[in-house]
Amino acid sequence: MIGILVRWGLERDVLDDALAPTSGPGGPRGVDRCELRVKHDVYESRFGDLGCGFASCSLQRGARTALVSRSNGASRSGKRPRLCVFVIAYHAESTLSEVLNRIPRSIFDSFECEVLIVDDASADQTFEIGHAYRLQNPSLPITVLRNTLNQGYGGNQKVGYTYAIQQGFDFVAMLHGDGQYAPEELPRLMEPLVRAEADAVFGSRMLEPGAARRGGMPLYKFVGNKILTHVENTLLGTRLSEFHSGYRIYSVEALKKIPFRLNSNVFHFDTEIIIQLLNANLRIKELPIPTYYGDEICRVNGMKYAKDVVLAVAQNSAHRAGLLYQRRFDTSRDDNTHYDLKLGYASSHSFALDAVPAGARVLDIGAGPGGMASELAKKGCQVTVVDQYPPDRKVPDVEVIVQDLNAAPSFDPKQYDYLLLLDVIEHLRDPDRFLAELRAHFDYEKKKLVLTTPNIAFASQRLMLLFGQFNYGKAGILDRGHTRLFNLRTLKHLLRDSGFQVTNVKGVPAPFPKVFGNGALGKFALGVNLALIRLSKTVFSYQFYIEADTSPDVDFVVRDTLEKSSARAAELLRKGSVARAVGPAQSS
């Protein structure tokens with residue numbers, strides 16, 4: 001076998017005595033080739049056919065190096081699901097072999113399986129022991145990696161999950177190299193994933209009452225786990241029994257849908273990835289597992305971990321409310337589907353839906369995914385929707401017009417009773433021009449405009465500016481698609497200058513039930529916000545809801561005046577009314 005250390009530049013060293021190179025490719029095991037190619041000044045490593053034995057080399061991308069020890073594995077041509085058993089290891093020289101021994105061999109029959117051991121730059125013999133175990137078990141498909149630089153608990157997970165994605169696995173199961181989680185439970189935990197009942201399966205020590213304490217979990221850890229889990233469930237609207245188990249199996253397709261690479265490199269990575277799964281509407285299944293506490297060293301600073309966990313959940317709450325965008329918690333697609341309806345509580349959509357009477361003719365401009373059109377159709381309204389994307393759902397008897405609203409309107413708004421502009425004008429490059437072009441279609445018959453837009457002067461935005469925060473995001477007040485920002489005064493001026501007569505103004509609270517659920521906490525936060533809005537709409541409104549009447553522009557008035565005056569004059573001449581009105585002509 002050959003050991004090769006590739007470094008940035010021309011530096012090349014051999015491995016230590018434990019991995020001393022043989023004379024070359026003719027060694028007893030044979031050697032696979034390790035190719036190095038350069039592309040855009042970044043070293044990319046790749047292995048050729050790994051089925052002939054084992055390759056051991058040190059691969060560097062930028063400043064990161066990983067020692068690799070691989071053995072031949074099962075054929076990839078089979079139809080069995082592909083499972084990566086990812087053993088996360090740090091200073092695990094005394095426990096790693098036993099953990100590997102305890103992995104049920106039946107798992108290799110049920111899955112096309114590979115064991116991936118990632119040593120996170122341990123100062124002990126963790127990598128060497130993993131490598132020796134691989135040599136002693138040549139029939140098992142095992143890959144052993146070693147990070148040159150310590151990546152942290154979360155960072156090491158990123159290595160394993162990225163490897164699983166790149167290598168085309170279907171599932172990745174994380175085991176701890178210290179033996180705290182029972183490998184024997186792996187076949188049972190895989191069942192919901194194989195049956196497509198879940199996107200992630202967590203082994204929970206808390207599902208069976210008393211099991212955690214019987215398994216040796218210290219009382220302070222048990223209490224801390226319960227308190228943190230309760231806080232997380234409350235803020236996330238979930239009912240998980242435990243957020244802090246490290247026994248986890250993920251569908252690789254689920255991992256592809258979430259930005260786990262943006263998560264922390266330390267221990268609250270586990271909480272952040274749960275938040276991402278929830279935000280992506282992916283399914284989490286919990287199954288009970290036995291608890292084992294031995295003489296392993298706890299490397300978690302409990303108070304710092306608790307602070308980090310609570311802060312992450314609070315940041316996600318602000319993100320979901322649209323108050324403080326967090327890129328790592330954004331799992332929405334790059335379309336308009338994240339503009340979902342907010343109904344069942346005081347919101348812009350509820351106010352608008354209540355304002356439109358049954359049977360009305362409605363033009364929903366910037367309709368988003370079409371949720372409002374569906375609700376209006378239930379009221380017997382005649383609905384036309386306009387958006388740059390066609391609605392996700394097809395609603396019977398709803399006309400769809402696909403157009404970019406930054407272009408001149410291709411529709412005639414005059415034929416409708418109600419015009420909805422719900423969270424639209426802030427997305428337009430030139431709202432003044434759009435409203436002027438809209439107004440050009442109107443006559444003296446009044447139509448009702450229903451408009452909502454975020455309040456840039458909302459209290460949270462003021463506080464963020466006070467502390468130097470101004471971050472655009474995917475949704476919320478500082479949606480990165482917003483081109484114009486309004487407070488109440490500038491919004492009223494825009495409508496006045498565009499010829500609309502404001503008849504009703506409401507302050508809209510932040511969508512707390514969307515964040516906390518429509519339970520006690522969500523309703524309480526909503527009630528507080530509504531009370532504050534009564535004190536000051538301009539400061540405490542998350543959005544503004546406005547109803548306004550249309551009026552014709554001066555071009556229409558001139559045209560109508562000319563036409564009607566001419567017709568009236570003709571009628572007067574026909575009836576001879578002009579002579580009677582002015583009396584007999586006077587002679588000079």
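Each chain has its residues counted from 1, running along the sequence as written. It should be noted that, the model being predicted, local features are given only for residues of pLDDT at least 70 and side-chain atom pairs only at 80 or more, the latter also being counted only at that level, while totals for whole chains, interfaces and linings use all residues. Where side-chain values are given, they derive from all heavy atoms of the structure, hydrogens and water being excluded.

### Side note on the overall build of the protein
Only DSSP runs of H or I with at least four residues qualify as helices, and only runs of E with at least two residues qualify as strands; both kinds are numbered from the N terminus onward. Of regular secondary structure, the protein possesses 20 helices and 20 strands. We call a residue buried when its accessible area falls under 20% of the maximum for its residue type, exposed when it is over 50%, and partly exposed in between, using a 1.4 Å probe and counting protein chains only. Across the 588 residues in the protein, those meeting the buried criterion constitute 51%. Computed with a 1.4 Å probe, the accessible areas rest on the Shrake-Rupley method; for each residue, only the protein chains presented here act as cover. Of the roughly 27800 Å² of accessible surface on the protein, a fraction of 54% belongs to carbon and sulfur atoms.

### A word on the sheet that holds strand β19 (residues 501-508)
Strand pairing in a sheet relies on backbone hydrogen bonds, with the paired strands running either antiparallel or parallel. A pair of strands is labelled paired if DSSP reports no fewer than 2 bridges between them. The strand order across the open sheet formed by seven strands is β16-β15-β14-β17-β18-β20-β19, and the pairing between neighbours is mixed. Of all the strands in the sheet, just β16 (399-402) and β19 have a single pairing partner and so form its edges. Across the sheet, the mean angle separating the axes of adjacent strands is 15° when strand polarity is ignored. Here strand β14 (residues 361-365) pairs with strand β17 (residues 418-422) via four bridges, running parallel. Helix axes use the C-alpha atoms of the stretch in contact, all axes being lines fitted to C-alpha atoms, and the angles between their N-to-C directions lie in the range 0 to 180 degrees.

### Focus: the packing of aromatic side chains
Only Phe, Tyr and Trp rings are paired, with Trp represented by its six-membered ring, and only when their centres lie within 6.5 Å; those with planes under 30 degrees apart are stacked, over 60 edge-to-face, the remainder tilted. Within the structure shown, the criterion is met by 12 aromatic pairs. Plain terms: the ring middles of Phe-202 and Tyr-250 are 6.1 Å apart, the flat faces sit at 80° to each other, and that makes the pair edge-to-face. With a gap of 48 residues between them, Phe-202 in strand β11 (residues 200-204) and Tyr-250 in strand β12 (residues 248-251) connect regions that are remote in the sequence. Here the two residues Phe-202 and Tyr-250 agree in accessibility, since each one is buried. Plain terms: the ring middles of Phe-351 and Tyr-545 are 5.7 Å apart, the flat faces sit at 75° to each other, and that makes the pair edge-to-face. Taken as a pair, Phe-351 in helix α11 (residues 348-355) and Tyr-545 in strand β20 (residues 543-549) lie far apart in primary sequence, 194 residues in all. Accessibility assignment for this pair places Phe-351 and Tyr-545 in one class, buried. Among the aromatic residues, those joined into a ring-pair cluster are Phe-86, Tyr-161, Phe-202, Tyr-250, Phe-260 and Phe-269. Note that Arg-248 overlies the ring of Phe-202, its terminal NZ or CZ placed 4.4 Å from the centroid. Note on criteria: charge over ring means Lys NZ or Arg CZ within 6 Å of the ring centre, with the direction from the centre no more than 35 degrees off the ring normal.

### Focus on α11
For α11, the tally of buried residues reaches six of eight residues, placing the bulk of the element in the interior. Every buried residue of α11 is accounted for by Ser-348, His-349, Ser-350, Phe-351, Ala-352 and Leu-353. Turning to α11, the residues buried within the fold contact α12 (371-378), β17, β18 (448-454), β19 and β20. We call two residues in contact whenever any of their non-hydrogen atoms come within 4.5 Å of each other.

### Description of the nonpolar core
Grouped together as the largest cluster of nonpolar side chains are 45 residues, with contacts concentrated most on Phe-86, Tyr-161, Val-172, Tyr-250, Leu-255, Ile-273 and Leu-277. Residue contributions to this core peak at five residues, all from helix α9 (residues 269-279). Ranked by size, the runner-up nonpolar core spans 33 residues in total, among them Phe-108, Phe-111, Ile-117 and Ile-249. Only buried Ala, Val, Leu, Ile, Met, Phe, Trp, Tyr and Cys residues count toward a nonpolar core, and they belong to the same one when joined by side-chain atoms within 4.5 Å.

### A word on the pattern of salt bridges
The term salt bridge refers to a side-chain nitrogen of Lys or Arg lying within 4 Å of a carboxyl oxygen of Asp or Glu. As enumerated under the stated definition, the model contains 22 salt bridges in all. Here Arg-574 ties to Glu-571 by a salt bridge, and the two come within 2.5 Å at their closest N and O atoms. On the criterion of helical spacing, the pair formed by Arg-574 and Glu-571 is a turn pair, its members being three residues apart in helix α19 (residues 554-575). The class of Glu-571 is partly exposed, set by a relative accessible area of 31%. Connected through salt bridges with shared partners, the residues Glu-191, Arg-195 and Glu-197 form a single ionic network.

### A short note on helix α7 (residues 219-236)
In an α-helix there are 3.6 residues to a turn, and that puts residues three or four apart on one side. Take the number of residues in a helix, subtract one, and multiply by 1.5 Å to get its expected span. With 18 residues, α7 should reach 26 Å at 1.5 Å per residue; the first-to-last C-alpha distance of 25 Å fits that figure. For α7, the full list of buried residues reads Asn-225, Leu-228, Thr-229, Glu-232, Asn-233, Leu-235 and Leu-236. Projected down its long axis, α7 carries its buried residues within an arc of 165°, all on one side. Within α7, the exposed residues directed more than 90 degrees away from the buried face are Leu-219, Tyr-220, Ile-227 and His-230. Read the arc as the range of directions from the helix axis to the C-beta atoms.

### Some remarks on the side chain of Thr-271
Its location among the elements puts Thr-271 in helix α9. With a relative accessible area of 1%, Thr-271 lands in the buried category.

### A short note on a nonpolar patch on the surface
The grouping of Leu-465, Phe-470, Tyr-472 and Leu-485 at the surface amounts to a nonpolar patch, some 360 Å² of accessible area in total. Of note, Phe-470 is situated in the loop between α14 (459-466) and α15 (488-497). Distance thresholds for patches are 9 Å for like charges and 5 Å for nonpolar side chains (Val, Leu, Ile, Met, Phe, Trp, Tyr), applied to residues having over 30% relative accessible area and no salt bridge.

### Here we look at the packing of α11 against α12
Relative to each other, α11 and α12 sit at 30°, their axes nearing to 11 Å. Between α11 and α12, the crossing angle belongs to the class labelled roughly parallel. For α11 against α12, the interelement crossing comes out right-handed. Mapping the contact onto sequence places His-349, Ala-352 and Leu-353 in α11 and Met-372, Glu-375 and Leu-376 in α12. Gly counts as polar in this scheme, as do all residues outside two lists: the nonpolar Ala, Val, Leu, Ile, Met, Phe, Trp, Tyr, Cys and Pro, and the charged Asp, Glu, Lys and Arg. Its residues placed into classes, the contact of α11 with α12 shows four nonpolar, one polar and one charged. Oblique is the label for every angle not falling under 35 degrees (roughly parallel), over 145 degrees (roughly antiparallel), or within 65 to 115 degrees (roughly perpendicular). Here a crossing is called left-handed whenever its near helix is offset anticlockwise from the far helix by less than a right angle, and right-handed whenever the offset is clockwise.

### As for unusual backbone geometry
Trans peptide bonds make up the majority, and among non-glycine residues the majority have a negative phi. Of note in the backbone geometry, Asn-281 takes a positive phi value of approximately 60° without being a glycine. Within the element layout of this structure, Asn-281 appears in the loop between α9 and β13 (284-288). Asn-281 sits in the exposed class, given a relative accessible area of 68%. Unusually for a residue other than glycine, Asp-423 sits at a positive phi of about 55°. Note that Asp-423 resides in the loop between β17 and α13 (431-439).

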